[in-house]
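Structural overview
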Amino acid sequence: MAVKNRKIKCKYFLKGVPASPGIAISKVFKLKGESIRIDPTILKDSSVDDEVEKFVKAVERSKSELKSLQSKVAHRVGQENAKIFDVHQLLLEDSVIIEETINAITKENRSAEFAFYNVMQKYEDTLNGSTADHFQNRTSDLRDVKRRVIRHIQGDRTDHLNQLSGSAVIVTNDLTPSDAVMLDRRKVFGFATDLGGRTSHAAIMARSMEVPAVVGLRRVFALVQEGDRIIIDGSEGKVLVQPDEKTIKHYRQLQEKYYDTNRKLEEVRNLKSLTLDGKEIELSANLEFTDEVESVKSHGAKGVGLYRTDYIYLAKKELPTEEEQFQEYRKIVKKIAPDSVIIRTMDLGGDKLPESFLIPPQENPFLGWRAIRISLARKDIFNTQLRAILRVGAVGNVKILLPMISGLDEIHECKKLIESAKSELQKEGIKYDPNIEIGAIIEVPSAALLADRIAREVDFLSIGTNDLVQYLLAVDRGNERIAYLYQHLHPAVLRMIKQIIVAGHQEGVWVGMCGEMASDPLATLILIGMDLDEFSVSPIAVPEIKKMIRSTEYREAARIAKKVLQFERPSEVERFMTKIVRKKFKDLI
Ligand code: PEP
Ligand code: MG
């Protein structure tokens with residue numbers, strides 16, 4: 001709501017979930033979601049001709065939009081990748097589709113959008129019923145074309161993802177991973193979304209892009225206008241719409257202060273991640289996009305503790321080939337050498353829906369066909385990825401990480417498939433790493449309880465708190481309404497983490513953490529004290545966490561961890577840790 005106080009004056013002041021730190025001051029770019037509304041009203045006879053003309057014009061506009069899009073994409077990623085737009089243009093020249101739509105307008109007095117929607121839906125349903133991947137891929141083309149034409153019928157000429165001309169803050173209902181992958185990231189100054197929590201993928205992507213973000217704002221999309229001035233305070237979770245000049249000045253000062261603190265933190269870049277009493281703790285970084293690999297080194301991380309390969313699948317309409325994957329991984333591995341890169345096999349499903357193969361709509365996508373469950377069902381896709389990872393293992397220091405493991409059978413099956421990919425490569429005389437290390441993400445409570453058994457089968461464990469917290473506490477990580485219940489400092493979560501670390505150590509394997517909890521300064525001392533061996537955090541969090549590690553005595557952290565494990569409520573843990581961190585790290589927090 002409109003706010004006036006000494007320093008802040010703006011049209012709307014909104015509070016959401018702080019998702020990525022820093023301050024952005026820019027203008028709004030409204031990114032429209034995927035949903036389309038269709039008007040079902042029956043037309044008067046006198047309006048029918050106008051409606052046909054509206055439809056024909058919308059088809060023409062769509063065609064010319066596709067042409068210009070095609071040449072832009074060809075310029076950016078090559079002719080081959082732009083061919084898909086040929087298919088879209090052909091669909092718009094299909095006389096059956098056009099005639100059926102015009103018939104529905106003239107004979108049934110339907111609106112152009114209703115008529116076209118139904119014709120396209122009929123073909124989409126037919127293809128959806130087919131089991132062949134080839135046809136299922138085509139449904140996404142039909143959907144694209146359907147949306148484009150309807151957008152033009154409704155008089156909206158903005159092709160949402162391609163209209164971002166200057167730099168702006170993206171305001172959207174929800175940022176899907178597939179949308180994010182299409183954005184020209186150099187032009188994005190920040191994000192503000194209605195939906196999402198701190199560990200939703202939009203939030204993780206914003207941190208990886210190092211732009212401020214606030215998520216879970218509920219109605220920011222409805223409140224702002226295209227081009228409005230906007231301030232995003234990603235550290236505090238605040239959004240200010242149409243601020244006055246004085247407010248902007250105040251936020252520019254805060255922005256400078258933020259940059260200053262970061263510059264100071266960069267002093268630790270080349271220093272080791274050692275506690276005051278000499279315990280070395282591995283500090284690596286999470287990586288989402290290949291082109292952000294530089295920031296892993298520039299922020300002083302040692303290696304990549306989690307490379308989310310999912311974006312390779314989301315960036316294209318076809319499945320990435322073994323060679324494409326190998327080349328992508330190679331770029332990263334070479335840059336990070338001699339440090340290691342832990343490559344996680346794909347974690348599609350949930351909110352990550354590729355266009356290259358169909359993940360059918362599911363009642364509970366995060367509890368459904370996701371991650372390793374897909375890999376084990378689609379062994380062809382899995383094998384291609386395993387071969388690419390094994391091959392890149394011959395180029396540098398690489399480990400495999402398996403997501404969403406819920407029990408031992410999955411581990412056994414994965415190991416068998418890794419062995420069979422190795423023998424294929426051996427037979428074909430292709431170089432690979434025969435001794436590649438294999439790790440499991442512990443992110444499902446059943447795996448946490450079986451961590452000792454799983455540890456016997458693998459070389460390392462990495463705790464995925466983003467999912468572990470949602471599955472353990474039954475709190476959807478992306479749902480802003482219950483974001484207050486998503487607490488990684490919950491005593492149940494802390495107990496489970498301690499148990500996983502103890503189990504791993506008993507079985508002689510190291511235990512890391514790649515979930516966002518590892519980036520939270522309130523958790524750092526607890527995790528050091530619980531003997532976590534490795535922290536893998538978003539690159540921007542590396543300096544802060546390194547500084548904390550370097551200013552802490554392991555013995556003191558162990559005492560803190562022991563004390564905290566006795567608390568009964570998340571609020572007690574939070575209060576206790578806030579006090580300690582504020583006192584010890586005044587200049588940081
Ligand atoms: C996790 O669940 O903690 C994790 C690291 O994986 P993702 O966030 O990609 O689900
Ligand atoms: Mg996960």
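Calculation criteria
Residues numbered from 1 in each chain as written. Chains lettered and ligands numbered in written order. Predicted model: local features only at pLDDT ≥ 70, side-chain atom pairs only at ≥ 80, totals over all residues. Heavy atoms only, no water. Helix = DSSP H or I, 4+ residues; strand = E, 2+ residues; numbered from the N terminus. Rg over C-alpha atoms; globule rule 2.2 N^0.38 Å. Buried < 20%, exposed > 50% of the residue type's maximum accessible area, 1.4 Å probe, protein only. Contact = heavy atoms within 4.5 Å. Areas by Shrake-Rupley, 256 points an atom, 1.4 Å probe, with all protein chains shown as cover. Pairing = 2+ DSSP bridges. Axes fitted to C-alpha atoms, helices over the stretch in contact; angles between N-to-C directions. Near = heavy atom within 4 Å. Polar contact = N/O pair within 3.5 Å; in protein donor to acceptor, adjacent residues only side chain to side chain. 1 Å grid on protein atoms, 1.4 Å probe; cavity = no way out; pocket = protein on both sides within 12 Å on 5 of 7 lines; lining within 4 Å. Sits in = over half its atoms within 2 Å of the grid points. Donors = N, O, S within 2.8 Å, 3.2 Å for Na, K, Ca; no water. Points joined across faces, edges and corners; volume = space filled by probe spheres on them. Nonpolar A, V, L, I, M, F, W, Y, C, P; charged D, E, K, R; others polar. Left-handed = near helix turned anticlockwise from the far one by under 90°. Core = buried A, V, L, I, M, F, W, Y, C linked by side-chain atoms within 4.5 Å. Domains from an automatic or database assignment. Phe/Tyr/Trp six-rings, centres within 6.5 Å; stacked < 30°, edge-to-face > 60°. Lys NZ or Arg CZ within 6 Å of the ring centre and 35° of its normal. Lys, Arg positive; Asp, Glu negative; His and termini not counted. Salt bridge = Lys/Arg side-chain N within 4 Å of Asp/Glu carboxyl O.

Things to note about the overall build of the protein
Looking only at helices and strands, one finds 23 helices and 17 strands in the protein. Over its C-alpha trace the protein gives a radius of gyration of 26 Å, about what one expects of a compact globule, namely 25 Å for 589 residues. For the protein, the proportion of its 589 residues judged to be buried stands at 55%. Residue pairs at least 24 apart in sequence account for 69% of intrachain contacts in the protein once pairs closer than 6 positions are excluded. For the protein, the computed accessible surface area is about 26,000 Å², with 51% contributed by carbon and sulfur atoms.

A word on the sheet that holds strand β14 (residues 437–442)
Pairing within the closed barrel is parallel, and its 8 strands lie in the order β10-β11-β12-β13-β14-β15-β16-β17. When strand polarity is set aside, the average angle formed by the axes of neighbouring strands in this sheet is 25°. In the sheet, strand β16 (residues 510–513) pairs with strand β17 (residues 534–537) via 2 bridges, with the strands oriented parallel. For G512, the partnering residue across the bridge sits in β17 and is E534.

Structural notes on the site of ligand 1
Around ligand 1 lies a shell of 16 residues, among which R308, E443, G464, N466 and R477 are the nearest. A distance of 3.4 Å separates an oxygen atom of ligand 1 from a polar side-chain atom of R370. At a separation of 3.3 Å, an oxygen atom of ligand 1 approaches a polar backbone atom of G464. Put simply, ligand 1 lies in the largest cavity. A total of 3 residues in the shell around ligand 1 trace back to one element, the largest contributor, which is helix α18 (residues 465–473).

Thoughts on the coordination of the magnesium ion (ligand 2)
Donor atoms from the polypeptide that bind the magnesium ion (ligand 2) are E443 (OE) and D467 (OD), placed at 2.0 to 2.1 Å. Here D467 lies in helix α18 and E443 lies in the loop between β14 and α16 (445–449), a separation of 24 residues in the sequence. Residue E443 shares its accessibility class with D467, and that shared class is buried.

A few points about empty space enclosed by the protein
According to the stated counting rule, one finds 1 cavity of 30 Å³ or more in the structure shown. Roughly 90 Å³ of internal volume is contained in the largest cavity. Only β11 (304–308) and α18 provide two or more residues apiece to the lining of the largest cavity. Within the lining of the largest cavity, the residues separate by chemical class into 3 nonpolar, 4 polar and 7 charged.

Focus: the packing of helix α12 (residues 322–336) against helix α14 (residues 379–392)
For the pair α12 and α14, interaxial distance at closest approach is 9 Å and the crossing angle is 35°. Remark: the crossing between α12 and α14 carries right-handed chirality. Contact residues: α12 offers E322, E323, Q325, F326, Y329, R330 and V333, while α14 offers T384, Q385, R387, A388, I389, R391 and V392. Residues that form the contact of α12 with α14 fall into these classes: 6 nonpolar, 3 polar and 5 charged.

A word on the nonpolar core
Residues F191, L461, I500 and F535 are the most contacted members of the largest nonpolar core, which totals 120 residues. Summarising the domain contributions, this core has at least three residues from each of domain 1 (3–32 + 166–264) and domain 3 (266–584). Core analysis: the next-biggest nonpolar cluster, separate from the first, contains 27 residues, F55, A58, A115 and L142 among them.

Here's the deal with the packing of aromatic side chains
Scanning all chains against the criterion turns up 6 aromatic pairs. Measuring from ring centre to ring centre gives 5.6 Å for F55 and F116, while their planes differ by 45°; the resulting arrangement is tilted. Taken together, the residues span a long stretch of sequence, with F55 in helix α1 (residues 48–77) and F116 in helix α4 (residues 112–128) at a distance of 61 residues. A single burial state applies to F55 and to F116, both of which are buried. Judged by centre distance (5.9 Å) and plane angle (85°), the ring pair of Y307 and Y329 falls under edge-to-face. Taken together, the residues Y307 in strand β11 and Y329 in helix α12 connect sequence positions 22 residues apart. In terms of burial, Y307 and Y329 fall into one category: buried. In this structure, K279 packs its charged tip against the face of Y554, placed 5.0 Å from the ring centre. For the cation-ring pair, R391 lies above F326, with the distance from its terminal atom to the ring centre recorded as 4.1 Å.

Some thoughts on the side chain of K30
Inspection of the secondary structure assignment puts K30 in strand β4 (residues 23–31). Of the side chains with opposite charge, E226 lies nearest to the buried K30, which makes no salt bridge, at 6.6 Å. A distance of 3.0 Å separates the side chain of K30 from the backbone oxygen of F221, its partner in a polar contact. Beyond its immediate chain neighbours, meaning those up to four positions away, K30 contacts V171, F221, V224, Q225 and E226.

Thoughts on the pattern of salt bridges
Opposite charge on two side chains lets them pair, provided their charged atoms get close. Applying the stated criterion to the full structure yields 41 salt bridges. A salt bridge links R391 to E322; the shortest N-O distance between them is 2.8 Å. Here the residue R391 occupies a position in helix α14, and E322 occupies one in helix α12, the gap between them amounting to 69 residues. Like R391, the residue E322 is buried in the burial classification.

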